[in-house]
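These are the residues of each chain, in order.
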Amino acid sequence: MYPTKLPLLLLSLTLLAACGKEEPKVVAQAPADPMLVIAPAALLPQLKIGEVVTAPVTENVRVAGKIDFDEQRLARIGATVTGRVSELIAVPGQSVRAGEPLAMLNSTELGAAQLAYLKARAQADLASSAAERARSLYQGDVIGSAELQRRESEQSIAAAERRAASDQLRVLGLPAAAIRRLDAEGAINSLSPVVSSLAGVVVDRRVTQGQVVGPTDTLFTVADLSRVWAVAQVPEEQASKVKPGQSVSIEVAALDGEQITGRLIHVGETVNPETRTVLVRTELDNREHRLKPSMLATMLIAGKAVERPVVPAAAVVRENDTDHVFVVVGDAPAQNKSADSATPTAKSADGSAAEAPVLNQFRLTRVELGPESGGQRAVLSGVKPGERIVVDGAFHLNNERKRKELEGS
């Protein structure tokens with residue numbers, strides 16, 4: 001019986017001994033924070049620390065646009081009669097005066113209208129002579145009053161037809177001097193000039209020699225380029241931020257980024273249903289003709305100033321295509337301080353040397369910022385007013401952070 005229980009007793013003693021032994025504890029070390037950096041003492045003089053403050057920030061609307069013609073100084077010129085182009089006088093780029101001929105047409109329509117005028121004039125002269133004789137005969141009691149009234153009626157009708165024929169010639173573009181010459185000489189001239197209606201530059205010509213054209217065709221485009229428009233399409237969600245009279249800064253790439261200042265003169269009343277944008281327009285002086293229609297431009301519309309947290313542009317660090325700033329965490333713990341980051345001392349109240357706190361620990365913090373204006377950038381998120389950040393020297397501090405990160409890896 002005893003030999004059977006002996007192995008069980010030995011097993012129990014072995015288990016009790018094993019339970020009495022303590023297993024060695026493994027302490028897991030937390031990985032270093034790659035966004036945290038302790039500035040060495042040699043770097044501290046290059047760092048300037050300040051607080052995030054609030055300041056009035058103008059909310060600008062930046063949109064792409066272009067230079068365009070001033071539609072009030074633009075004329076699309078066509079023929080006044082149907083005819084064949086017999087001579088081209090003006091060429092694109094040529095400066096012309098108001099009333100100057102741009103081309104000549106040979107028009108059978110104009111010839112027929114002049115012939116109709118000469119017939120109406122002859123009929124009017126005949127009716128006038130007949131009425132005059134009728135008045136003489138009536139006074140001699142040769143004809144009655146009814147005959148006199150008929151002749152005078154024919155005279156009135158013939159005079160009206162002559163005036164109508166004359167008006168038709170003016171509609172067809174024949175000047176008053178030419179009509180007087182037609183009256184005097186009776187010679188029909190079927191040549192009709194295409195004349196400019198304003199002084200400016202011929203910017204387009206859509207006609208060739210020998211082409212048959214009509215009043216519905218646009219033959220020339222003449223523009224006065226002493227003033228031009230800058231137009232842009234503002235997205236509808238930003239349309240409420242723009243109003244007529246607001247200041248506009250326009251950058252034209254073709255002028256080496258030169259900025260031109262103007263004011264909005266028009267904000268569209270409707271939204272383009274295809275692009276979901278609103279048209280805005282400003283007027284620019286162009287007496288030197290440096291601005292050319294269709295030049296690309298960027299329009300920066302100054303909105304209303306609002307109070308927002310701001311940080312200096314020098315405080316911003318670009319990392320992984322996002323903006324960051326270094327936020328002050330405090331002074332580094334004593335056990336983490338290296339020999340080159342010795343803490344300076346200060347005098348205590350009793351005159352003995354006392355260690356002064358040094359702000360040498362910083363965290364790289366991601367922020368969302370608005371565009372730069374006046375050396376500052378508005379803070380949309382990431383830091384709050386009153387937080388202390390590195391406002392100068394952030395670039396050197398980030399290089400130190402990267403160096404420590406490489407050493408740690």
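Everything below is about the structure printed above this text.
A short tour of the structure in this document, coming up.

Reading the values: rules and limits
Residues numbered from 1 in each chain as written. Predicted model: local features only at pLDDT ≥ 70, side-chain atom pairs only at ≥ 80, totals over all residues. Heavy atoms only, no water. Helix = DSSP H or I, 4+ residues; strand = E, 2+ residues; numbered from the N terminus. Buried < 20%, exposed > 50% of the residue type's maximum accessible area, 1.4 Å probe, protein only. Contact = heavy atoms within 4.5 Å. Areas by Shrake-Rupley, 256 points an atom, 1.4 Å probe, with all protein chains shown as cover. Pairing = 2+ DSSP bridges. Axes fitted to C-alpha atoms, helices over the stretch in contact; angles between N-to-C directions. Salt bridge = Lys/Arg side-chain N within 4 Å of Asp/Glu carboxyl O. Phe/Tyr/Trp six-rings, centres within 6.5 Å; stacked < 30°, edge-to-face > 60°. Lys NZ or Arg CZ within 6 Å of the ring centre and 35° of its normal. Arc of directions from axis to C-beta. Expected span 1.5 Å × (residues − 1). Polar contact = N/O pair within 3.5 Å; in protein donor to acceptor, adjacent residues only side chain to side chain. Core = buried A, V, L, I, M, F, W, Y, C linked by side-chain atoms within 4.5 Å. 1 Å grid on protein atoms, 1.4 Å probe; cavity = no way out; pocket = protein on both sides within 12 Å on 5 of 7 lines; lining within 4 Å. Points joined across faces, edges and corners; volume = space filled by probe spheres on them. Nonpolar A, V, L, I, M, F, W, Y, C, P; charged D, E, K, R; others polar.

**Structural notes on the overall build of the protein**
When helices and strands are counted, the protein shows five helices and 25 strands. Residue burial in the protein is summarised as follows: out of 409 residues, 34% are buried. Put simply, of all contacts in the protein between residues at least 6 apart along the chain, 77% involve residues at least 24 apart. Element-wise, carbon and sulfur atoms account for 53% of the exposed surface of the protein, whose accessible area totals about 24800 Å².

**Structural notes on the sheet that holds strand β14 (residues 247–252)**
The six strands lie next to each other as β4-β13-β16-β15-β14-β17, forming a closed barrel whose pairing is antiparallel. Taken over all neighbouring pairs, the strand axes of this sheet differ in orientation by 40 degrees on average, direction set aside.

**Some remarks on the pattern of salt bridges**
Following the criterion strictly, the structure yields 27 salt bridges and no others. The shortest N-O distance in the salt bridge between Arg377 and Asp323 comes to 3.2 Å. With Arg377 in strand β24 (residues 376–381) and Asp323 in strand β20 (residues 322–330), this pair connects stretches of sequence that are 54 residues apart. Across the pair, Asp323 and Arg377 agree in class, each one buried. Each of Arg121, Asp125, Arg162 and Asp183 takes part in one network of salt bridges that share partners.

**Some remarks on the packing of aromatic side chains**
The final tally for this structure, using the stated rule, is zero aromatic pairs. Sitting above the plane of the Trp229 ring, Arg281 keeps its charged end 4.1 Å from the centroid.

**Quick notes on the sheet that holds strand β12 (residues 218–223)**
Strand order in the open sheet formed by four strands is β5-β12-β10-β7, and the pairing between neighbours is antiparallel. The sheet terminates laterally at β5 (74–78) and β7 (95–96), the two strands that pair on one side only. Two strands pair when backbone bridges link them, and β5 and β12 are joined in this way by five bridges, in the antiparallel orientation. By the bridge assignment, Arg76 is partnered in β12 with Thr221.

**What about the pairing of strand β23 (residues 361–373)?**
One ladder, built from three bridges, connects strand β1 (residues 36–38) with β23; its direction is antiparallel. Paired with Val37 across the two strands is Phe362, which belongs to β23. Here β20 runs beside β23; their pairing, made up of seven bridges, is antiparallel. Residue Val328 lies in a different strand from β23, and its bridge partner there is Phe362.

**Considerations on the side chain of Thr221**
Looking at where Thr221 falls in the secondary structure, it is placed in strand β12. When neighbours within four sequence positions are excluded, Thr221 is seen to be in contact with Leu74, Ala75, Arg76, Val201, Val202, Val203 and Asp204.

**Re the environment of Val325**
Within the secondary structure layout, Val325 lies in strand β20. Each C-alpha atom, one on Val325 and one on Asn398, is 9.6 Å from the other, the two residues being 73 residues apart in sequence. Residues in contact with Val325, not counting those within four places in the same chain, are Ala315, Val316, Arg363, Leu364, Thr365, Val367, Val383 and Ile389.

**Observations concerning helix α4 (residues 176–185)**
Within the span of α4, buried status applies to Ala178, Ile179 and Leu182. The buried residues of α4 occupy one face: seen down the axis, they fall within an arc of 100 degrees. Those residues of α4 that are exposed and aimed more than 90 degrees away from the buried face are Arg180 and Ala184. The inward-facing, buried residues of α4 contact α2 (108–139) and α3 (145–171). Directly beyond the C-terminal end of α4, a positive phi value near 70 degrees is found at Gly186.

**With respect to α2**
A rise of 1.5 Å per residue sets the reference length of α2, with its 32 residues, at 46 Å; its end C-alpha atoms lie 47 Å apart and thus fit the reference within 8%. For α2, the full list of buried residues reads Leu110, Gly111, Ala113, Gln114, Tyr117, Leu118, Ala120, Ala124, Ala127, Ala130, Ala131 and Ala134. Where α2 is buried, its residues touch α3, α4 and β9 (191–195). By the N-cap criterion, in which a side-chain oxygen at the helix start approaches the backbone nitrogen of a residue two or three places on, α2 is capped by Ser107, the distance to Glu109 being 3.3 Å. Of the residues trailing α2, Asp141 is marked for its positive phi of about 60 degrees.

**Describing the nonpolar core**
Counting residues in each nonpolar core, the largest one holds 30 residues, and the members touching the most others are Leu169 and Phe220. If you list the elements that add at least two residues to this core, you get β5, β8 (101–106), α2, α3, α4 and β12. Sort the elements by how many residues they give to this core and α2 lands first, with five residues. Not counting residues within four places of it along the chain, the set of residues in contact with Leu169 comprises Leu110, Ala113, Gln114, Tyr117, Leu174, Ile179 and Leu182.

**Comments concerning the layout of surface pockets**
Counted as a void, the second largest pocket has a volume near 410 Å³. Elements with a contribution of two residues or more to the lining of the second largest pocket: β3 (53–58), β4 (61–69), β18 (305–312), β23 and β24. Looking at the lining of the second largest pocket residue by residue, the class counts come to nine nonpolar, six polar and five charged.

The quantities given are spatial measurements derived from coordinates; they are silent on function.
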